[in-house]
Amino acid sequence: MTSKKILNADLHCHSVVSDGTLTPEALAERAKTNGVELWSLTDHDEIGGQHRAAAAAKANGMKYLTGTEISVTFAGETVHIVGLGFDADDAAMQQGLHATRGGRGQRAMEMSASLAQAGIEGAYEGALKFVGNPELISRTHFARFLVESGVCKETSEVFRKYLTEGKPGYVPHRWASLHDAVAWITSAKGVAVIAHPARYKFSPTEEYALFTEFKAHGGQAVEVITGSHSTQEYLKYAETAREFGLAASRGSDFHSPDEGHTDLGILPFLPDDLTPVWELLEDRIQ
Ligand code: AMP
Ligand code: MN
Ligand code: MN
Ligand code: MN
(Lines give C-alpha, C1' and ligand atoms only; values in the text may rest on other atoms or scores of the structure.)
(Ligands and ions follow the chains in the order given, each with its own letter.)
Protein backbone atom coordinates (compact mmCIF):
# COMPACT_ATOMS: atom_id res chain seq x y z
CA MET A 1 0.00 0.00 0.00
CA THR A 2 1.28 3.41 -0.89
CA SER A 3 1.97 5.78 2.00
CA LYS A 4 1.51 8.97 0.01
CA LYS A 5 -0.51 11.57 1.85
CA ILE A 6 -2.39 12.65 -1.25
CA LEU A 7 -4.23 9.33 -1.34
CA ASN A 8 -7.96 9.94 -1.78
CA ALA A 9 -9.04 8.21 1.42
CA ASP A 10 -12.58 8.67 2.74
CA LEU A 11 -12.70 7.03 6.16
CA HIS A 12 -16.05 8.28 7.49
CA CYS A 13 -19.57 7.85 6.07
CA HIS A 14 -22.94 6.28 6.86
CA SER A 15 -25.27 3.80 5.16
CA VAL A 16 -28.86 2.63 5.78
CA VAL A 17 -27.34 0.33 8.42
CA SER A 18 -27.24 3.47 10.61
CA ASP A 19 -28.51 6.94 9.62
CA GLY A 20 -27.41 7.22 5.99
CA THR A 21 -29.88 6.92 3.09
CA LEU A 22 -27.76 4.80 0.69
CA THR A 23 -26.92 1.10 0.84
CA PRO A 24 -23.28 0.08 1.35
CA GLU A 25 -23.21 -0.93 -2.34
CA ALA A 26 -24.55 2.43 -3.57
CA LEU A 27 -22.07 4.27 -1.33
CA ALA A 28 -19.18 2.23 -2.73
CA GLU A 29 -20.20 3.10 -6.29
CA ARG A 30 -20.54 6.77 -5.43
CA ALA A 31 -17.15 6.78 -3.68
CA LYS A 32 -15.53 5.16 -6.73
CA THR A 33 -17.16 7.68 -9.08
CA ASN A 34 -15.78 10.50 -6.90
CA GLY A 35 -12.23 9.09 -7.09
CA VAL A 36 -11.95 7.48 -3.65
CA GLU A 37 -9.03 5.00 -3.50
CA LEU A 38 -9.27 3.87 0.14
CA TRP A 39 -12.72 3.71 1.71
CA SER A 40 -14.35 2.91 5.05
CA LEU A 41 -18.03 2.67 5.98
CA THR A 42 -18.38 3.91 9.59
CA ASP A 43 -21.99 3.36 10.66
CA HIS A 44 -22.95 4.62 14.13
CA ASP A 45 -22.54 1.94 16.84
CA GLU A 46 -22.97 -0.79 14.25
CA ILE A 47 -20.76 -3.03 12.11
CA GLY A 48 -23.52 -5.04 10.43
CA GLY A 49 -22.68 -3.51 7.03
CA GLN A 50 -18.96 -4.28 7.08
CA HIS A 51 -18.86 -7.46 5.01
CA ARG A 52 -21.13 -5.93 2.34
CA ALA A 53 -19.02 -2.76 2.27
CA ALA A 54 -15.73 -4.65 1.95
CA ALA A 55 -17.16 -6.74 -0.90
CA ALA A 56 -18.53 -3.64 -2.64
CA ALA A 57 -15.17 -1.87 -2.28
CA LYS A 58 -13.46 -4.84 -3.91
CA ALA A 59 -16.01 -4.95 -6.73
CA ASN A 60 -15.26 -1.27 -7.41
CA GLY A 61 -11.47 -1.63 -7.23
CA MET A 62 -11.05 0.35 -3.98
CA LYS A 63 -8.99 -0.57 -0.93
CA TYR A 64 -11.06 -0.98 2.24
CA LEU A 65 -10.64 -0.54 6.00
CA THR A 66 -13.37 -1.75 8.38
CA GLY A 67 -15.06 1.08 10.23
CA THR A 68 -17.56 2.24 12.84
CA GLU A 69 -18.36 5.45 14.73
CA ILE A 70 -18.98 4.81 18.44
CA SER A 71 -21.14 7.14 20.55
CA VAL A 72 -19.34 8.00 23.81
CA THR A 73 -20.26 10.18 26.77
CA PHE A 74 -17.32 12.28 27.97
CA ALA A 75 -17.60 15.19 30.41
CA GLY A 76 -21.37 15.25 29.91
CA GLU A 77 -21.12 15.59 26.11
CA THR A 78 -21.55 13.10 23.31
CA VAL A 79 -18.23 12.45 21.58
CA HIS A 80 -17.80 10.21 18.54
CA ILE A 81 -14.89 7.79 18.29
CA VAL A 82 -14.26 6.28 14.87
CA GLY A 83 -12.71 2.81 14.79
CA LEU A 84 -10.77 1.73 11.70
CA GLY A 85 -9.16 -1.52 10.59
CA PHE A 86 -10.51 -3.72 13.42
CA ASP A 87 -11.57 -7.34 13.05
CA ALA A 88 -15.30 -7.08 12.22
CA ASP A 89 -15.91 -10.56 13.65
CA ASP A 90 -14.46 -9.68 17.08
CA ALA A 91 -16.98 -10.82 19.72
CA ALA A 92 -16.18 -8.19 22.39
CA MET A 93 -16.51 -5.41 19.83
CA GLN A 94 -19.85 -6.78 18.58
CA GLN A 95 -21.15 -7.10 22.14
CA GLY A 96 -19.99 -3.62 23.13
CA LEU A 97 -21.69 -2.05 20.12
CA HIS A 98 -24.88 -4.05 20.74
CA ALA A 99 -24.95 -2.69 24.31
CA THR A 100 -24.31 0.86 23.05
CA ARG A 101 -27.27 0.60 20.65
CA GLY A 102 -29.44 -0.72 23.50
CA GLY A 103 -30.96 2.50 24.81
CA ARG A 104 -31.91 3.99 21.44
CA GLY A 105 -35.47 2.62 21.32
CA GLN A 106 -36.42 3.98 24.74
CA ARG A 107 -34.72 7.32 24.00
CA ALA A 108 -36.69 7.56 20.73
CA MET A 109 -40.01 7.15 22.57
CA GLU A 110 -39.02 9.85 25.05
CA MET A 111 -37.98 12.12 22.17
CA SER A 112 -41.37 11.56 20.60
CA ALA A 113 -43.16 12.42 23.89
CA SER A 114 -41.10 15.61 24.16
CA LEU A 115 -41.97 16.61 20.57
CA ALA A 116 -45.66 15.88 21.27
CA GLN A 117 -45.52 18.39 24.13
CA ALA A 118 -44.29 20.92 21.59
CA GLY A 119 -47.32 20.10 19.39
CA ILE A 120 -45.66 17.63 17.01
CA GLU A 121 -47.60 14.36 17.15
CA GLY A 122 -46.63 10.92 15.87
CA ALA A 123 -42.88 11.54 15.64
CA TYR A 124 -41.86 8.05 16.76
CA GLU A 125 -43.96 6.35 14.07
CA GLY A 126 -42.89 9.02 11.58
CA ALA A 127 -39.19 8.54 12.30
CA LEU A 128 -39.54 4.75 12.09
CA LYS A 129 -40.50 5.03 8.41
CA PHE A 130 -36.96 6.27 7.72
CA VAL A 131 -35.18 3.63 9.79
CA GLY A 132 -33.21 0.97 7.91
CA ASN A 133 -31.98 -0.90 11.00
CA PRO A 134 -34.52 -1.36 13.83
CA GLU A 135 -31.70 -1.27 16.43
CA LEU A 136 -30.46 2.05 15.17
CA ILE A 137 -33.11 4.73 15.44
CA SER A 138 -31.26 8.04 15.44
CA ARG A 139 -32.00 11.73 15.77
CA THR A 140 -31.34 11.88 12.03
CA HIS A 141 -34.47 9.79 11.38
CA PHE A 142 -36.53 12.20 13.49
CA ALA A 143 -34.98 15.08 11.55
CA ARG A 144 -36.09 13.50 8.25
CA PHE A 145 -39.62 13.09 9.61
CA LEU A 146 -39.73 16.77 10.67
CA VAL A 147 -38.66 17.79 7.16
CA GLU A 148 -41.15 15.43 5.50
CA SER A 149 -44.00 16.76 7.65
CA GLY A 150 -43.12 20.35 6.77
CA VAL A 151 -42.07 21.47 10.29
CA CYS A 152 -38.61 22.39 8.92
CA LYS A 153 -37.19 22.93 5.43
CA GLU A 154 -34.02 20.86 5.90
CA THR A 155 -32.36 18.64 8.49
CA SER A 156 -29.81 21.28 9.51
CA GLU A 157 -32.74 23.55 10.48
CA VAL A 158 -34.17 20.71 12.58
CA PHE A 159 -30.95 20.49 14.60
CA ARG A 160 -31.03 24.26 15.16
CA LYS A 161 -34.64 24.25 16.43
CA TYR A 162 -35.19 20.73 17.79
CA LEU A 163 -33.41 17.61 19.09
CA THR A 164 -30.43 19.47 20.62
CA GLU A 165 -29.85 20.52 24.22
CA GLY A 166 -32.52 22.91 25.48
CA LYS A 167 -34.79 22.37 22.44
CA PRO A 168 -37.96 20.26 22.07
CA GLY A 169 -37.24 16.62 21.37
CA TYR A 170 -33.90 16.56 23.17
CA VAL A 171 -33.40 13.65 25.56
CA PRO A 172 -30.04 13.33 27.33
CA HIS A 173 -28.55 9.89 26.92
CA ARG A 174 -25.61 7.99 28.37
CA TRP A 175 -23.50 6.21 25.74
CA ALA A 176 -20.32 4.09 26.03
CA SER A 177 -17.34 5.29 28.07
CA LEU A 178 -14.26 6.63 26.27
CA HIS A 179 -12.21 3.87 27.87
CA ASP A 180 -14.49 1.08 26.63
CA ALA A 181 -14.86 2.42 23.08
CA VAL A 182 -11.09 2.72 22.63
CA ALA A 183 -10.55 -0.69 24.25
CA TRP A 184 -13.08 -2.45 21.95
CA ILE A 185 -11.37 -0.99 18.88
CA THR A 186 -7.75 -1.59 19.89
CA SER A 187 -8.41 -5.09 21.28
CA ALA A 188 -9.89 -5.96 17.88
CA LYS A 189 -6.61 -4.78 16.22
CA GLY A 190 -8.02 -1.46 15.03
CA VAL A 191 -7.06 2.17 15.48
CA ALA A 192 -9.26 4.61 17.45
CA VAL A 193 -9.78 8.09 15.99
CA ILE A 194 -11.40 11.15 17.61
CA ALA A 195 -14.12 12.15 15.11
CA HIS A 196 -14.74 15.81 14.10
CA PRO A 197 -13.26 17.37 17.30
CA ALA A 198 -14.47 20.88 16.40
CA ARG A 199 -18.10 19.77 16.83
CA TYR A 200 -17.89 19.38 20.63
CA LYS A 201 -18.78 22.25 22.91
CA PHE A 202 -15.80 21.79 25.21
CA SER A 203 -13.79 24.39 27.05
CA PRO A 204 -10.04 24.29 26.22
CA THR A 205 -9.47 22.42 29.51
CA GLU A 206 -12.11 19.79 28.71
CA GLU A 207 -10.77 19.37 25.19
CA TYR A 208 -7.24 18.90 26.55
CA ALA A 209 -8.63 16.25 28.94
CA LEU A 210 -10.36 14.47 26.05
CA PHE A 211 -7.15 14.22 23.99
CA THR A 212 -5.03 13.32 27.02
CA GLU A 213 -7.36 10.55 28.23
CA PHE A 214 -7.91 9.28 24.68
CA LYS A 215 -4.15 8.87 24.25
CA ALA A 216 -3.77 7.27 27.68
CA HIS A 217 -6.41 4.67 26.73
CA GLY A 218 -4.49 3.82 23.51
CA GLY A 219 -6.16 6.15 20.99
CA GLN A 220 -3.85 6.96 18.07
CA ALA A 221 -5.51 9.36 15.63
CA VAL A 222 -7.75 12.38 15.13
CA GLU A 223 -9.88 13.51 12.19
CA VAL A 224 -8.24 16.64 10.82
CA ILE A 225 -9.91 16.87 7.42
CA THR A 226 -13.64 16.21 7.81
CA GLY A 227 -16.84 17.52 6.27
CA SER A 228 -17.63 18.95 9.74
CA HIS A 229 -14.57 21.27 9.85
CA SER A 230 -13.90 24.70 8.40
CA THR A 231 -10.54 25.56 6.81
CA GLN A 232 -9.45 27.18 10.09
CA GLU A 233 -10.42 24.05 11.99
CA TYR A 234 -8.27 21.93 9.63
CA LEU A 235 -5.30 24.05 10.74
CA LYS A 236 -6.26 23.98 14.41
CA TYR A 237 -6.60 20.20 14.61
CA ALA A 238 -3.53 19.58 12.46
CA GLU A 239 -1.70 21.46 15.24
CA THR A 240 -3.46 19.35 17.89
CA ALA A 241 -2.35 16.18 16.06
CA ARG A 242 1.26 17.42 16.17
CA GLU A 243 1.00 18.44 19.83
CA PHE A 244 -0.38 15.06 20.95
CA GLY A 245 1.61 12.93 18.50
CA LEU A 246 -1.54 11.58 16.84
CA ALA A 247 -1.95 10.33 13.27
CA ALA A 248 -4.47 12.16 11.09
CA SER A 249 -7.63 10.93 9.39
CA ARG A 250 -9.77 12.24 6.53
CA GLY A 251 -13.46 11.59 5.94
CA SER A 252 -16.53 13.27 4.49
CA ASP A 253 -19.11 12.07 7.09
CA PHE A 254 -21.43 11.69 4.10
CA HIS A 255 -25.01 10.63 5.00
CA SER A 256 -27.20 11.34 1.97
CA PRO A 257 -27.13 13.00 -1.46
CA ASP A 258 -29.92 15.30 -0.19
CA GLU A 259 -28.26 16.43 3.06
CA GLY A 260 -25.05 18.24 3.92
CA HIS A 261 -22.45 19.74 1.65
CA THR A 262 -19.53 17.30 1.60
CA ASP A 263 -19.69 14.43 -0.85
CA LEU A 264 -17.66 11.22 -0.61
CA GLY A 265 -13.98 11.86 -1.33
CA ILE A 266 -14.47 15.55 -2.15
CA LEU A 267 -12.37 17.31 0.49
CA PRO A 268 -8.81 18.60 0.90
CA PHE A 269 -5.88 16.21 1.36
CA LEU A 270 -4.11 15.82 4.70
CA PRO A 271 -1.30 18.27 5.56
CA ASP A 272 2.02 16.90 4.33
CA ASP A 273 3.84 16.58 7.64
CA LEU A 274 1.17 14.53 9.45
CA THR A 275 1.15 10.74 9.59
CA PRO A 276 -1.96 9.46 7.74
CA VAL A 277 -3.93 7.03 9.89
CA TRP A 278 -3.74 4.38 7.14
CA GLU A 279 0.05 4.20 7.62
CA LEU A 280 -0.70 2.64 11.03
CA LEU A 281 -3.03 0.13 9.37
CA GLU A 282 -1.11 -1.12 6.32
CA ASP A 283 -1.58 -4.77 7.30
CA ARG A 284 -5.32 -4.23 7.95
CA ILE A 285 -6.18 -2.85 4.50
CA GLN A 286 -8.34 -5.22 2.43
P1 AMP B 1 -27.86 10.28 17.55
O2 AMP B 1 -26.69 9.35 17.45
O3 AMP B 1 -29.18 9.60 17.42
O4 AMP B 1 -27.80 11.20 18.74
O5 AMP B 1 -27.82 11.23 16.26
C6 AMP B 1 -26.64 11.91 15.91
C7 AMP B 1 -26.68 12.21 14.43
O8 AMP B 1 -27.49 13.35 14.18
C9 AMP B 1 -25.32 12.60 13.88
O10 AMP B 1 -24.56 11.47 13.56
C11 AMP B 1 -25.69 13.35 12.64
O12 AMP B 1 -25.99 12.47 11.60
C13 AMP B 1 -26.97 14.05 13.07
N14 AMP B 1 -26.70 15.44 13.50
C15 AMP B 1 -26.33 15.87 14.71
N16 AMP B 1 -26.20 17.21 14.73
C17 AMP B 1 -26.49 17.64 13.48
C18 AMP B 1 -26.55 18.92 12.83
N19 AMP B 1 -26.29 20.03 13.49
N20 AMP B 1 -26.88 18.95 11.52
C21 AMP B 1 -27.18 17.82 10.85
N22 AMP B 1 -27.14 16.59 11.40
C23 AMP B 1 -26.80 16.50 12.69
MN1 MN C 1 -25.09 10.47 11.68
MN1 MN D 1 -20.27 11.98 14.28
MN1 MN E 1 -20.52 10.35 11.26
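Further up the page is the structure itself.
The present account deals with the structure reproduced in this document.

1. A word on the coordination of the manganese ion (ligand 2)
Alright, step 1. Every protein donor of the manganese ion (ligand 2) is accounted for by D19 (OD), H44 (NE2) and H255 (NE2), and the metal-donor separations fall at 2.1 to 2.2 Å.
Alright, step 2. In primary-sequence terms, the residues that donate to the manganese ion (ligand 2) follow D-x24-H-x210-H.
Alright, step 3. Separating the manganese ion (ligand 2) and the manganese ion (ligand 3) is a distance of 5.7 Å. Of this pair, D19 sits in the loop between β1 (9-10) and α1 (24-33) while H44 sits in the loop between β2 (38-39) and α2 (50-59), and the two are 25 residues apart along the sequence.
Alright, step 4. Residue D19 is classed as buried on the basis of its relative accessible area of 2%.

2. Side note on the packing of aromatic side chains
Alright, step 1. Tallied over the full model, the rule gives five aromatic pairs.
Alright, step 2. When the ring of F74 is compared with that of F202, the centres are 6.0 Å apart and the planes differ by 85°; the resulting orientation is edge-to-face. Taken as a pair, F74 in strand β4 (residues 67-74) and F202 in the loop between β6 (191-194) and α9 (204-216) lie far apart in primary sequence, 128 residues in all. Of the two residues, F74 and F202, neither departs from the other in class, the shared state being buried.
Alright, step 3. Ring centres 5.5 Å apart and planes at 55° place the aromatic pair Y208 and F244 in the tilted group. One end of the pair, Y208, is in helix α9; the other, F244, is in helix α10 (residues 231-244), and 36 residues separate them in sequence.
Alright, step 4. Y208 sits in the exposed class, given a relative accessible area of 52%.
Alright, step 5. The exposure class of F244 is buried, given its relative accessible area of 12%.
Alright, step 6. Cluster of aromatic residues (ring-pair linked, three or more members): F74, Y200 and F202.

3. A closer look at the site of ligand 1
Alright, step 1. The environment of ligand 1 is made up of D19, H44, R104, R107, S138, R139, T140, F159 and H255.
Alright, step 2. Between ligand 1 and H44, the relevant distance is 2.8 Å, taken from an oxygen atom to a side-chain nitrogen or oxygen of the residue.
Alright, step 3. A distance of 3.2 Å is found between an oxygen atom of ligand 1 and a side-chain nitrogen or oxygen belonging to T140.
Alright, step 4. Look at ligand 1: alone it shows 500 Å² of surface, and the protein chains cover 78% of it.

4. Concerning the coordination of the manganese ion (ligand 3)
Alright, step 1. Listed as protein donors to the manganese ion (ligand 3) are E69 (OE), H80 (ND1) and H196 (NE2); their distances from the metal cover 2.1 to 2.2 Å.
Alright, step 2. Mapped onto the sequence, the donors of the manganese ion (ligand 3) take the spacing E-x10-H-x115-H.
Alright, step 3. Given the relative accessible area of 13%, H80 is considered buried.

Calculation criteria
- Residues numbered from 1 in each chain as written.
- Chains lettered and ligands numbered in written order.
- Predicted model: local features only at pLDDT ≥ 70, side-chain atom pairs only at ≥ 80, totals over all residues.
- Heavy atoms only, no water.
- Donors = N, O, S within 2.8 Å, 3.2 Å for Na, K, Ca; no water.
- Helix = DSSP H or I, 4+ residues; strand = E, 2+ residues; numbered from the N terminus.
- Buried < 20%, exposed > 50% of the residue type's maximum accessible area, 1.4 Å probe, protein only.
- Phe/Tyr/Trp six-rings, centres within 6.5 Å; stacked < 30°, edge-to-face > 60°.
- Near = heavy atom within 4 Å.
- Polar contact = N/O pair within 3.5 Å; in protein donor to acceptor, adjacent residues only side chain to side chain.
- Areas by Shrake-Rupley, 256 points an atom, 1.4 Å probe, with all protein chains shown as cover.

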